[in-house]
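Structure at a glance
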Amino acid sequence: MKTFFSYRTQPLKNHRIRLILWVAVLLLVTELIELHTNFMTTGLILWASSIYDHRYAIFPPVILFLFINSATGRTKLSALLVLITCTAVILASNFKITHLGTPLTISDIIFFAQNIKENSIIFFQYPEFGLAFLLFTLSITTAFLRTPKKQSTAHSHRLACAATALLLTYAISKPAFSESQPTTSNITPSDATDSFYQLSHLSSENRSVLYIIETFFTGTDTHISLPQRLHSTTFKRGSQTPHPVLTHAPDILAILEESTFDPAILTQCSQTSECTQTLMTEKHPGESGPLIVHTTGGGTWLTEFTFLTGLDWRTFGTSGRYAPVSIAPHVQDSLAIHLKRLGYQTIGINPTQGNFLNARSAYAKYGFEIFLSRENLDIPSNWNSVEDDEIFSKTLAAAQALNDGRPQFIFVLTIKNHGPHSGLNDYLTRLHSSGNALKKLETQWFSKDRPRVLAWFGDHQPHFSYPLPKDTNYLSAHGGDKYNTNLMPYITWYAIRDNIHTEIQRNKPLDLSYLSQHLLSYSGLPLQAHGEATRHIEKACPQGAISCPNRDLRDEYLSFRIWDLKEIK
């Protein structure tokens, strides 16, 4: 008599059913654990080795093999599937490191799967990656379709594999459920080196197979880790009383310039006229200077999040890495929300796909009433062919068409200067084109007979610049004498101008988390509820709250914003 675990030859259909049932049981157990522990995970086998260093990265593949073998009874097939999977992870991670600076993680797979149609553009932009994905899919399919003449794994063997897999998973993951495990992020000054880039520190020096495998299986944390809650702080809430729409309230256009930084920060450019960019050197009325961002070589969505919320994404530990997915749903206050309270129409414009990295949903949570993506603006799907001038023209046309009489806050991202870059010359050519487009936009934006503000800032340095030597005198030349030179890979540029002011103001290096309050102040608008607290922390910690040497003050500030003002819930 055949049973569910029968070792006799059975149709492939039954193997699939057993495998599906095993996976279902595993997911059910995972969900029960999540329900009773608030420990967010995508499956036990995916994070099992996260509490160890990469010497233990062998555990996830071993557990995966044991589960597949116990479900199918096909030892060779199980080993082959694990081998194909790990090989694909290693190749894909090395490809991603080469182009974007970070290895592949489960989170990347999840984001891709959420909208395959939208995100499949990556296969057209990087054909070699598409070919590799096709070969991987064919290999997995071929392995599954090959049905052996007989099964060699007996009933007792399968049970032993299943039991071993469950026990091994429990044993290595048990510390994760310990009550002594901290539930708040442990922020230290060393975080100024950027926990996002910890994922890619192996990009140039170390592409260890075990490290890549461990990174893939453990880069899945979307559980929000909040700062420590203090029962009392020295900070006070600012006014959030709604203001009527004022006739003198300026329209505000804020532009996130993709991969834009001052090339003069590079040693090879410090004395080279070809590297001089008028975006950073022209004397314009307004405020401008170096900007300290919190990611390098990639992570535009992190700069976007910090600008709009005024909160360094590292505040939330590793869960902040994918802020549009993990943090955005919990945002209760932001620059756009504040301006909407003041009577502004809020419009977000993104030249990529609307669902890329959860953008459409995230922008709604950030406070944008209207969100326009590539599909809405009829922008080509090939990012490298989209000129900044085209985005700006469509932005101005949309602003005019959508104007309902309220002052407007428009936030737009550019894409022309997105990597990969073939080198410095390629980058300078694109940057020059972006600069010309920005000058043209400025003329058009200020041509209207009403007060208007234009702000732009670079999201991060491009990946190719990370290993290049930096001019250590760059920050001191801009008034940052006491700034840490370790910040050099995280310096871009920002500028705020309008059609009213005439004075030229050069600012010392400014941390990105303070930029939104500078923009409000420059525009003559009330600050957010945390505005005065942020002014105070900026004076005490000019390099940013996270890297503030006064840890007590930093903790008070974060507790005030998260727990007292409830900006994140």
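Preceding this section is the structure that the text describes.
We now turn to the structure provided with this report. (Residues numbered from 1 in each chain as written. Predicted model: local features only at pLDDT ≥ 70, side-chain atom pairs only at ≥ 80, totals over all residues. Heavy atoms only, no water.)

What follows deals with the overall build of the chain. Broken down by element type, the chain carries 23 helices and nine strands. Sorting the 569 residues of the chain into buried and exposed places 56% on the buried side. Within the structure as shown, the chain displays about 25,000 Å² of accessible surface, and the carbon and sulfur contribution to it stands at 59%. (Helix = DSSP H or I, 4+ residues; strand = E, 2+ residues; numbered from the N terminus. Buried < 20%, exposed > 50% of the residue type's maximum accessible area, 1.4 Å probe, protein only. Areas by Shrake-Rupley, 256 points an atom, 1.4 Å probe, with all protein chains shown as cover.)

Before going further, it helps to spend a moment on the environment of Phe123. Residue placement: Phe123 occurs in helix 7 (residues 121–125). Between the C-alpha atom of Phe123 and that of Leu134, which follows or precedes it by 11 residues, the distance is 9.9 Å.

Moving on, we get to the pairing of strand 2 (residues 286–292). Taking burial as the measure, the seven residues of strand 2 include seven buried ones, the bulk of the element. As judged from the three bridges shared by strand 2 and strand 8 (residues 504–506), these two strands associate in the parallel manner. Among the inter-strand pairings, Ser288 is bridged to a residue of strand 8, identified as Arg506. Across six bridges, the pairing between strand 2 and strand 7 (residues 491–498) is antiparallel. Bridging across to strand 7, Leu291 finds its partner in Thr492. Sheet analysis places strand 2 next to strand 9 (residues 510–511), joined by two bridges and oriented parallel. Each residue of the ladder has a partner; that of Ile292, found in strand 9, is Asp511. (Pairing = 2+ DSSP bridges.)

By the criterion of burial, helix 21 (residues 515–522) is predominantly enclosed, with seven of the eight residues buried. Buried residues of helix 21: Leu515, Ser516, Gln517, His518, Leu519, Leu520 and Tyr522, and no others.

Further remarks concern the packing of aromatic side chains. This structure, assessed with the given rule, holds 14 aromatic pairs. Between Phe235 and Phe560, the ring centres sit 5.7 Å apart and the planes meet at 45 degrees, which makes this aromatic pair tilted. You can see Phe235 sitting in the loop between helix 11 (209–218) and strand 1 (251–257) and its partner Phe560 sitting in helix 23 (residues 551–564), a full 325 residues away along the chain. Like Phe235, the residue Phe560 is buried in the burial classification. For the ring pair Phe307 and Phe457, a centre distance of 4.7 Å and an interplane angle of 40 degrees mean the geometry is tilted. In this pair, Phe307 sits in helix 13 (residues 300–309) while Phe457 sits in strand 6 (residues 452–458), placing the two residues 150 residues apart along the sequence. Judged by relative accessible area, Phe457 falls into the buried class, the value being 1%. Seen from the ring of Trp445, Arg452 lies directly overhead, with NZ or CZ sitting 3.8 Å from the centre. (Phe/Tyr/Trp six-rings, centres within 6.5 Å; stacked < 30°, edge-to-face > 60°. Lys NZ or Arg CZ within 6 Å of the ring centre and 35° of its normal.)

With the rule as written, the count across this model stands at two disulfides. Paired by a disulfide, Cys269 and Cys275 hold their sulfur atoms 2.1 Å apart. The sign of the -50 degrees torsion about the S-S bond sets the Cys269-Cys275 disulfide as left-handed. Judged by relative accessible area, which is 2%, Cys269 ranks as buried. (Disulfide = S-S within 2.5 Å.)

Moving on: the environment of Leu413. Note on placement: Leu413 falls in strand 5 (residues 408–413). Leaving out residues up to four positions away in the same chain, Leu413 has contacts with Leu256, Thr300, Glu304, Ile349, Asn350, Pro351, Tyr363 and Ile391. (Contact = heavy atoms within 4.5 Å.)

Before going further, it helps to spend a moment on the nonpolar core. Core analysis: the biggest nonpolar cluster contains 65 residues, and Phe307, Leu339, Phe409, Phe411, Phe457 and Leu515 have the highest contact counts within it. Apart from the residues within four sequence positions on either side, Leu515 is in contact with Leu291, Phe307, Phe457, Tyr494, Ile496 and Leu510. Leu253, Ile347, Ile349 and Tyr483 belong to the second largest nonpolar core, which has 45 residues in total. (Core = buried A, V, L, I, M, F, W, Y, C linked by side-chain atoms within 4.5 Å.)

Right, let's get into a nonpolar patch on the surface. A contiguous nonpolar patch, built from Leu131, Leu134, Leu135 and Leu138 and spanning about 380 Å² of accessible area, is present on the exposed surface. Topologically, Leu135 is positioned in helix 8 (residues 127–145). By relative accessible area, which is 48% here, Leu135 ends up partly exposed. (Patch = residues over 30% accessible without salt bridge, like charges linked within 9 Å, V, L, I, M, F, W, Y side chains within 5 Å. Salt bridge = Lys/Arg side-chain N within 4 Å of Asp/Glu carboxyl O.)

This structure, assessed with the given rule, holds 14 salt bridges. Notably, a salt bridge pairs Arg406 with Glu369, separated by 3.2 Å at the nearest N-O pair. Placement of Arg406 in the loop between helix 18 (388–402) and strand 5 and of Glu369 in the loop between helix 16 (359–366) and strand 4 (370–372) is noted, with a sequence separation of 37 residues between them. Judged by its relative accessible area of 25%, Arg406 falls in the partly exposed class. With a relative accessible area of 38%, Glu369 lands in the partly exposed category. Residues Arg561 and Glu567 are paired through a salt bridge, measuring 2.6 Å at the closest nitrogen-oxygen approach. Of the two residues, Arg561 and Glu567, neither departs from the other in class, the shared state being buried. In the salt-bridge network here, residues are joined through shared partners; they are Asp251, Arg450 and Arg452.

This next bit is on unusual backbone geometry. The residue after Gly419, namely Pro420, is reached through a cis peptide bond having omega 5 degrees. Among the structural elements, Pro420 can be located in the loop between strand 5 and helix 19 (424–445). We note that Ser259 has phi near 50 degrees; this positive angle belongs to a residue other than glycine. On the secondary structure map, Ser259 appears in the loop between strand 1 and helix 12 (278–281). By relative accessible area, Ser259 is classed as buried at 2%. At Asp378, a residue that is not glycine, the phi angle is positive and equals roughly 55 degrees. Take Asp378: it is sitting in the loop between helix 17 (374–377) and helix 18.

On the surface, Arg229, Arg237, Lys566 and Lys569 cluster together into a patch of positive charge. Locating Lys566 in the fold gives a position in the segment after helix 23. (Lys, Arg positive; Asp, Glu negative; His and termini not counted. Charge placed at Lys NZ, Arg CZ, Asp CG, Glu CD.)

Glancing now at the environment of Met280. Within the element layout of this structure, Met280 appears in helix 12. Overall, the relative accessible area of 3% leaves Met280 in the buried class. In sequence terms Met280 and Gly435 are 155 residues apart; their C-alpha atoms lie 9.7 Å from each other.

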